[in-house]
Amino acid sequence: MIGIINGEVYDPQNGINGEVRDIWIEDGKIVSGENVDRAGAEVIDAAGLVVMPGGVDIHSHIVGAKVNAGRKFRPEDHRDHVRSRTALPSPLEGGLRGVTRSGSGYTVPSTFLTGYGYAEMGYTTVMEAATAPLVARHTHEELEDTPMVDKGAFITMGNNHFIMKCIRDGQREKARDYVAWLLGATKGYAIKIVNPGGVENWKWGRNVGELEDEVIGFGVTPRQIVTTLAWINDELGLPHLPHIHGINLGQPGNARTTVETIEALDGRRAHFCHLQFLSYGGEPGKGIRSGAAELARAVNEHPNVTVDVGQVIFGEATTMTSDGPLQYRLHKLSGNKWINDDVEGETGGGVVPMQYKRNNPVNAIQWLIGLELFLLIDDPWRVFLTTDHPNAGPFFCYPQVIKLLMDRNYRAEMLEGIHRRAQKGSLLPDLDREYSLYEIAIISRAGTARALGLQNKGHLGVGADADVTIYRKLDDKEAMFAKPYLVLKDGQVVVRDGQIVREHQGRTFYVAPPYDPGIEGDLRAHFEECYTISFDNYPVAPEYLTRSEVIPCA
Ligand SMILES: [Zn+2]
């Protein structure tokens, strides 16, 4: 039994806003304070400290084939960013190491460093935002090697041949059964859609630009792909929403098609990721303007939609996405090296290093758009903190974003330092809003856990997983959130003063919705005809996941 007593608790899921409360923990879970044996408990005095649930990241690229491609392809990201192994005070037990592992990498850290980095920032759950089904096994191997956090992976389906054939043939129930099978087979957590139809068209050197454009060889449209997958998501009762990276990402004028995509859902629930990259005004082929006001209005008017921001951080980044045509454009624009990849019959992908500069007008406008979205979207339960790690910046810069949201003087100071042309016409000087600690707890844990459908995460009520972060209360919010006083994972102290003190192996969450087994005959034939690997060799065996939890569907 552990008690965290006298802390200033921020637990928005349970409506607790900075009140002094005691939190009791037993067997890795939060338990009721009634009838606890206080005499026998280990007590952590949190007087004067801020207590929140552990952070929950809804969208980050941390593992798998494309992340690893980014690591291999950027030695310059690793050479000067090395972390040595350290001895841990806790003894070796149950297969856990008595040392932390060494590693390297800044924007694309190795698996161990990723887990440590999140935990040292007070985050205890992280979702890998995009995995091609065919390479899901690689994703799970790396998730196994990402310590400290609970995790899961979203499965890319927006350019999947089998799904597009079903849509073409008017067989959406068959597509539904396939999606259910695919999630179980890949041990995936959610449906991910990336540039629907555009990644397939890129295989022919083309893209899509409108929701009505045709996918070459299938005769279906981005609109049909998005609406069908949103319908399937509801039919299967998946815990999360369809997770959408829309068409025209990064293109001037994409605010219009992003709003059209929100409207195309016709009230069905969905999550739009890294909205900053999809909120550009202006016209195609010309310079970008902020479309944040337009997008914030659309989000405010559509309660069925949640978003994460993908806030740009000035400095080094590595862009990595299934959106092949986008990566080609970035490579051409930046002159930076690039990799492009095809994942047979399923998706594609690319990696391009990126540097976001204050004195670059485009980068400065991207930075502004992210902050404008945070400040113009009214409901913190529907806008979440991300940097689309490592696309818009590394995850360990979240504390800097928190400071920007909580401290308008810091924002004004930063605004002074960016390119003059970006400053002109910016909405930022008029946005006085400052996020409270309660709202920060929503956008970084309570809201994300709710959108993910993780009922035991993001709160400190009875029955929740005992993932707790305790911060010192500092005026400098970046310093406060960068280095928690204590982090508990499943009821054990794993970080003290921002340093790992205990290694912990988290669980992998996945879903396994039921489906009509009759579909397996069709699938076997599809694999025989189209895939380079056999149907029986495709699913990720349960033995791949040493600690896992199946999250139930509704
Ligand atoms: Zn992403």
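The structure under discussion appears in the preceding block.
Residues numbered from 1 in each chain as written. Predicted model: local features only at pLDDT ≥ 70, side-chain atom pairs only at ≥ 80, totals over all residues. Heavy atoms only, no water.

A. Seen up close, the overall build of the chain. From N to C terminus, the chain includes 17 helices and 26 strands. Against the compact-globule benchmark of 24 Å for 554 residues, the chain has a radius of gyration of 23 Å, which places it among compact chains. Counting only C-alpha atoms, the chain reaches 70 × 60 × 45 Å along its principal axes. Burial statistics for the chain: of 554 residues in total, 62% are counted as buried. Of the contacts formed within the chain by residues at least 6 apart in sequence, a portion of 77% connects residues at least 24 apart. When the accessible surface of the chain is split by element, carbon and sulfur atoms take 47% of a total near 20200 Å². For the chain, the distance from the average site of its 56 positive side-chain charges to the average site of its 72 negative ones is 4 Å. (Helix = DSSP H or I, 4+ residues; strand = E, 2+ residues; numbered from the N terminus. Rg over C-alpha atoms; globule rule 2.2 N^0.38 Å. Buried < 20%, exposed > 50% of the residue type's maximum accessible area, 1.4 Å probe, protein only. Contact = heavy atoms within 4.5 Å. Areas by Shrake-Rupley, 256 points an atom, 1.4 Å probe, with all protein chains shown as cover. Lys, Arg positive; Asp, Glu negative; His and termini not counted. Charge placed at Lys NZ, Arg CZ, Asp CG, Glu CD.)

B. Region of the structure containing the nonpolar core. Core analysis: the biggest nonpolar cluster contains 140 residues, and Val179, Tyr189 and Trp367 have the highest contact counts within it. With 10 residues, the top contributor of residues to this core is helix α15 (residues 437-452). One finds Ile25, Leu49, Val493 and Val501 within the second-largest nonpolar core, a separate group that totals 20 residues. (Core = buried A, V, L, I, M, F, W, Y, C linked by side-chain atoms within 4.5 Å.)

C. Just the environment of Ala441, in detail. Relative to the helices and strands, Ala441 is located in helix α15. Owing to a relative accessible area of 0%, Ala441 belongs among the buried residues under this scheme. Among all residues touching Ala441, those that are not within four sequence positions of it are Tyr10, Pro12, Met52 and Ala446.

D. Expanded view of helix α13 (residues 408-416). Three or more residues of α13 are buried, namely Tyr410, Arg411, Met414 and Leu415. Along α13, the residues classed as buried sweep out an arc of 140° about the axis, all on the same side. Every exposed residue of α13 that faces more than 90 degrees away from the buried side is listed here: Asn409, Glu413 and Glu416. Looking at the packing, one finds that the buried side of α13 touches α11 (361-376), α12 (398-406), α14 (420-423) and α16 (477-482). (Arc of directions from axis to C-beta.)

E. Summary view of the coordination of the zinc ion. With distances of 2.1 Å, the protein atoms coordinating the zinc ion are His59 (NE2), His61 (NE2) and Asp388 (OD). Ordering the donors of the zinc ion by residue number gives the pattern H-x1-H-x326-D. With His61 in the loop between β6 (55-60) and α1 (65-73) and Asp388 in the loop between β20 (383-384) and α12, this residue pair connects regions lying 327 residues apart in the sequence. (Donors = N, O, S within 2.8 Å, 3.2 Å for Na, K, Ca; no water.)

F. View of the packing of aromatic side chains. Scanning the entire structure with this criterion turns up 19 aromatic pairs. Measuring from ring centre to ring centre gives 5.8 Å for Trp181 and Tyr538, while their planes differ by 15°; the resulting arrangement is stacked. With Trp181 in helix α5 (residues 172-186) and Tyr538 in the loop between α17 (519-530) and β26 (548-550), this residue pair connects regions lying 357 residues apart in the sequence. Directly above the ring of Phe73 sits Lys337, whose terminal nitrogen or CZ lies 4.8 Å from the centroid. Positioned above the aromatic ring of Trp381, the side-chain terminus of Arg450 is 3.8 Å from the ring centre. (Phe/Tyr/Trp six-rings, centres within 6.5 Å; stacked < 30°, edge-to-face > 60°. Lys NZ or Arg CZ within 6 Å of the ring centre and 35° of its normal.)

G. The arrangement of the pattern of salt bridges in detail. Taken as a whole and judged by the stated rule, the model has 36 salt bridges. A salt bridge links Asp150 to Arg507; the nearest nitrogen and oxygen atoms lie 3.3 Å apart. Pair noted here: Asp150 is in strand β10 (residues 150-156) and Arg507 is in the loop between β24 (499-500) and β25 (508-510), with a separation of 357 residues, a long-range link. Accessibility classification places Asp150 together with Arg507 in one group, the buried group. One salt-bridge network, in which partners are shared between bridges, spans Lys29, Asp150, Lys457, Asp465, Asp467, Lys489, Asp490, Arg507 and Glu549. (Salt bridge = Lys/Arg side-chain N within 4 Å of Asp/Glu carboxyl O.)

H. Broad picture of helix α3 (residues 136-144). Looking only at α3, the buried set comprises Ala136, Thr139, His140, Glu142, Leu143 and Glu144. Packed against the buried residues of α3 are α1, α2 (111-120), β9 (123-131), β10, α5 and β25.

I. Layout of the packing of α11 against α12. Viewed as axis vectors pointing N to C, α11 and α12 meet at an angle of 60°, and their least axial separation amounts to 11 Å. With respect to α12, the axis of α11 lies oblique. Along this stretch, α11 crosses α12, giving a crossing that reads as right-handed. Two secondary-structure elements touch here, α11 through Trp367, Leu371, Phe374 and Leu375 and α12 through Val401, Leu404 and Leu405. In the contact of α11 with α12, the residues fall into seven nonpolar, no polar and no charged. (Axes fitted to C-alpha atoms, helices over the stretch in contact; angles between N-to-C directions. Parallel < 35°, antiparallel > 145°, perpendicular 65-115°, else oblique. Left-handed = near helix turned anticlockwise from the far one by under 90°. Nonpolar A, V, L, I, M, F, W, Y, C, P; charged D, E, K, R; others polar.)

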